[in-house]
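Architecture and fold: a report
Chain by chain, the residues run as shown.
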Amino acid sequence: MLLSITNRSPSATDLGHLLHKHPARCHAVELAFGKGTVFYPAATESECTAVLLVEVDPIALVRSAGAKQGGWALGQYVNDRPYAASSFLSVAIARAYGTALNGRCTKRPELVDQPLDLEVVLPVVPAGDGEILKRLFEPLGYAVETSRIPLDPAFPTWGESRYHRLVLRAKTPLHLLLKHLFVLIGALDRAKHYWVGADEIDKLLAKGEGWLASHPEKDWIVRRYLKHQVRLAREALERLAPEPEVSDEEGDEATDTGTEPAVERKLSLHEQRLDRVAELITGYQPASVLDLGCGEGKLLRRLLHQTKIPKLTGMDVSSRVLEIAHERLERLPPFKRQGRVDIFLGSLVYRDSRLRGYDVAALVEVIEHLDTDRLDSLEEVVFADAAPQRVIVTTPNREYNVLFEGMKPGSLRHADHRFEWTRSEFQAWAERVATQHGYAVEFEALGEEHTEHGPPSQMAIFNRNA
Ligand code: SAH
């Protein structure tokens, strides 16, 4: 099984830096199911090719648990595992090129995001009639060339096999190309050699960040990658796009209440919340603001209207709400936008260098959309890695729910909420986070306070210690 990657950008041998493999040497890669080798058949300033050769040991495979091939006696020995691109190749990519795959290059960090003139050759890819290869790679910007391999060249009447030689060309950063290959080769392979467990979802989402959610074949990729395990696939698809209810109404802020839970609407609590957060932020006179889980961009639009803050950035995990945000921002007159605003797709549970260097971050009604066991990742991403000077977090106060008409006892305000906290639960969380990450924290009530049940919503304002 072979994967060859050619760089034809100037200083082509930079490929060696990015892959952490010196072009002059041959590199052995330890694999549980066989042996990997990386070598460079060509390494000049104008063209540099790195080849990853993976030799799968079919006997070792039979011995190792979980390697079931076919339902016939020799199926475990006679199969396509040794030569066809499969999830073994995905694993080998992660082993041999792990640092590059994760977008790191300590010696030459400036190379990581640089688009390179790259060509990939995969000599044997299982892909039926081959149509799927175009559907998978073309939306990602690749020029796709495929040729179908005959079943046996000596017996043309036997017809064609389901295997294809695949050549991909694109100008793209290497880490992105490796992520595409890792996920899509894994999805093309029907028989995953290891047990597909829940942590596969994390792997898939990490490697798919920034491109998978908007891929037209997203459903197919996720299902196949997770080997048709319906429950896992459903969870992964939900996490790719939690799809909060979005209003169809256009523009008008007053009626624009889609991401707001229906039970809160009478109070227009969400408007009050956003007004207060915008007011606080304005008071800080920051140079840059990050709206995390920005949804349809309501806070961003307020800040564009009300302030002259030069850099306003929104991030959300749902491409659907971002499209709406984009449309609504586009409708503002250019003098309001003046290149001050940017939105992008991303998830709060993965470290993201694009989130660093901001003065203020806001998470308005976002944390309750994450499973509680993902909150520690969020804390790490927001408070340790992005680490803005100030962080504003708002979330519902569960104690207040008894006062909402028509709400069943014990239910939550919105179908996508994973939890809702009491005041003391929220404060305990926020105080622990503040202490752990070097912030001071203050609390504020949002909405009209009830003597016993408190306010409908609550806010924590974190200020990084000097
Ligand atoms: N802050 C906005 C939207 C709140 S709704 C407002 O106040 O109007 C919650 C938003 O969080 C949704 O748009 C949802 O897509 C987003 N979200 C949920 N999980 C996320 C995650 N892991 N990373 C980033 N955004 C997320």
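The coordinates are above.
Predicted, not measured: the structure shown is a model, and the values here were computed from it. (Residues numbered from 1 in each chain as written. Predicted model: local features only at pLDDT ≥ 70, side-chain atom pairs only at ≥ 80, totals over all residues. Heavy atoms only, no water.)

Regarding the sheet that holds strand E12 (residues 390-396)
Taken together, the 7 strands give an open sheet; going across it, the order is E10-E9-E8-E11-E12-E14-E13, and neighbouring strands pair in mixed fashion. For this open sheet the edge positions go to strand E10 (341-345) and strand E13 (439-446), each flanked by a neighbour on one side alone. Each strand axis lies, on average, 15 degrees off the axis of its neighbour in the sheet, ignoring direction. Strand direction decides the pairing type here: strand E11 (residues 360-364) and E12, joined by 5 bridges, are parallel. When the sheet's bridge partners are listed, Val364 is paired in E12 with Thr394. Helix H15 (residues 423-437) rests against E12, E13 and strand E14 (457-464) of the sheet, and its axis sits at about 160 degrees to E13. (Pairing = 2+ DSSP bridges. Helix = DSSP H or I, 4+ residues; strand = E, 2+ residues; numbered from the N terminus. Axes fitted to C-alpha atoms, helices over the stretch in contact; angles between N-to-C directions. Contact = heavy atoms within 4.5 Å.)

Quick look at the environment of Leu329
Structurally, the position occupied by Leu329 is in helix H12 (residues 319-330). Residues Leu329 and Val341, spaced 12 residues apart in sequence, show a C-alpha to C-alpha distance of 8.5 Å. Setting aside residues no more than four positions away along its own chain, Leu329 makes contact with Arg301, Leu304, Arg337, Val341 and Ile343.

Thoughts on the site of the ligand
By nearness alone, 19 residues border the ligand, and His270, Gly293, Asp316, Leu348 and Val364 come closest of all. For the ligand, an oxygen atom lies 3.0 Å from a polar atom in the side chain of His270. The contact in question runs from a nitrogen atom of the ligand to an N or O atom on the side chain of Ser347, over 3.3 Å. When the free accessible area of the ligand is taken as 570 Å², the share hidden by the protein chains comes to 97%. Of the residues assigned to the shell around the ligand, the class counts are 9 nonpolar, 8 polar and 2 charged. (Near = heavy atom within 4 Å. Polar contact = N/O pair within 3.5 Å; in protein donor to acceptor, adjacent residues only side chain to side chain. Areas by Shrake-Rupley, 256 points an atom, 1.4 Å probe, with all protein chains shown as cover. Nonpolar A, V, L, I, M, F, W, Y, C, P; charged D, E, K, R; others polar.)

Considering the nonpolar core
The biggest cluster of nonpolar side chains holds 97 residues, and the ones touching the most others in it are Tyr97, Trp429 and Phe462. Of all the elements, helix H6 (residues 174-188) adds the most residues to this core, at 10 residues. No fewer than three residues from each of domain 1 (2-194) and domain 2 (269-464) sit in this core. Discounting residues that sit within four places of it in the chain, Phe462 has contacts with Phe383, Gln389, Arg390, Val391, Val393, Trp429, Ala430, Val433, Ala434, Tyr439, Ala440 and Val441. With 28 residues, the next largest nonpolar core counts Ala278, Val289, Leu329 and Leu345 among its residues. (Core = buried A, V, L, I, M, F, W, Y, C linked by side-chain atoms within 4.5 Å. Buried < 20%, exposed > 50% of the residue type's maximum accessible area, 1.4 Å probe, protein only. Domains from an automatic or database assignment.)

Quick look at the pairing of strand E9 (residues 311-316)
Taking burial as the measure, the 6 residues of E9 include 5 buried ones, the bulk of the element. Where strand E8 (residues 288-292) meets E9, 5 bridges bridge the pair, whose relative direction is parallel. Bridge pairing in E9 places Asp291 opposite Gly314. Bridge count between E9 and E10: 5 bridges; the pairing is parallel.

A few points about unusual backbone geometry
Unusually for a residue other than glycine, Ser11 sits at a positive phi of about 55 degrees. With respect to the secondary-structure elements, Ser11 resides in the loop between strand E1 (2-7) and helix H1 (14-19). One non-glycine residue, Gln338, adopts positive backbone phi at about 40 degrees. Tracing the sequence through the fold places Gln338 in the loop between helix H13 (334-337) and E10. Judged by its relative accessible area of 58%, Gln338 falls in the exposed class.

Structural notes on the side chain of Ser347
Residue placement: Ser347 occurs in the loop between E10 and E11. Sequence-distant contacts of Ser347, defined by excluding residues within four places in its chain, comprise Glu209, Met315 and Val317.

A word on the pattern of salt bridges
All told, the structure shown has 25 salt bridges when counted by the stated rule. The partner of Glu110 in a salt bridge is Arg108, and the shortest N-O contact between them spans 2.7 Å. The class for Glu110 is partly exposed, based on a relative accessible area of 47%. In this structure Arg108 comes out as partly exposed when scored by relative accessible area, which is 26%. Between Arg302 and Glu271 there is a salt bridge whose closest N-O contact spans 2.7 Å. Pair noted here: Arg302 is in helix H11 (residues 298-306) and Glu271 is in helix H10 (residues 269-284), with a separation of 31 residues, a long-range link. Accessibility assignment for this pair places Arg302 and Glu271 in one class, buried. One network of salt bridges, with partners in common, ties together Arg8, Glu47, Glu119, Glu145 and Arg169. (Salt bridge = Lys/Arg side-chain N within 4 Å of Asp/Glu carboxyl O.)

With respect to the packing of H6 against helix H8 (residues 218-225)
The interhelical angle for the contact between H6 and H8, taken along N-to-C directions, is 70 degrees, at an axis separation of 7 Å. The angle between the axes of H6 and H8 places the two elements in the roughly perpendicular class. In this structure, H6 uses Phe182, Val183, Leu184, Gly186, Ala187 and Leu188 to contact H8, whose residues at the interface are Trp220, Ile221, Arg224 and Tyr225. For the contact of H6 with H8, the residue count by class is 8 nonpolar, 1 polar and 1 charged. (Parallel < 35°, antiparallel > 145°, perpendicular 65-115°, else oblique.)

Focus on helix H3 (residues 87-96)
Counting buried positions along H3 yields 7 of 10 residues, so the element is predominantly enclosed. When H3 is considered as a whole, its buried residues turn out to be Ser87, Phe88, Leu89, Ser90, Ala92, Ile93 and Ala96.

Notes on the packing of H3 against H6
Relative to each other, H3 and H6 sit at 155 degrees, their axes nearing to 8 Å. Taken together, the axes of H3 and H6 are roughly antiparallel relative to one another. Our pair here, H3 against H6, has a crossing hand that is left-handed. Facing H3, whose interface residues are Leu89, Ser90, Ile93 and Ala94, H6 presents Leu178, Leu181, Phe182, Ile185 and Gly186. Per-class residue counts for the contact of H3 with H6 are 7 nonpolar, 2 polar and no charged. (Left-handed = near helix turned anticlockwise from the far one by under 90°.)

Examining the sheet that holds strand E3 (residues 34-43)
Strands in a sheet are paired, the pairing made by backbone hydrogen bonds, and the direction either parallel or antiparallel. Taken together, the 7 strands give an open sheet; going across it, the order is E2-E3-E4-E1-E5-E7-E6, and neighbouring strands pair in antiparallel fashion. If you trace the sheet from one side to the other, it starts and ends with strand E2 (27-31) and strand E6 (143-150), each paired once. Pairs of neighbouring strands in the sheet enclose a mean axial angle of 15 degrees, with direction left out of account. Where E6 meets strand E7 (residues 160-172), 7 bridges bridge the pair, whose relative direction is antiparallel. Across the sheet, residue Arg148 finds its bridge partner in E7, namely His164. Sheet contacts for H6: E1, strand E5 (116-126) and E7; angle to E5, the most-contacted strand, approximately 15 degrees.

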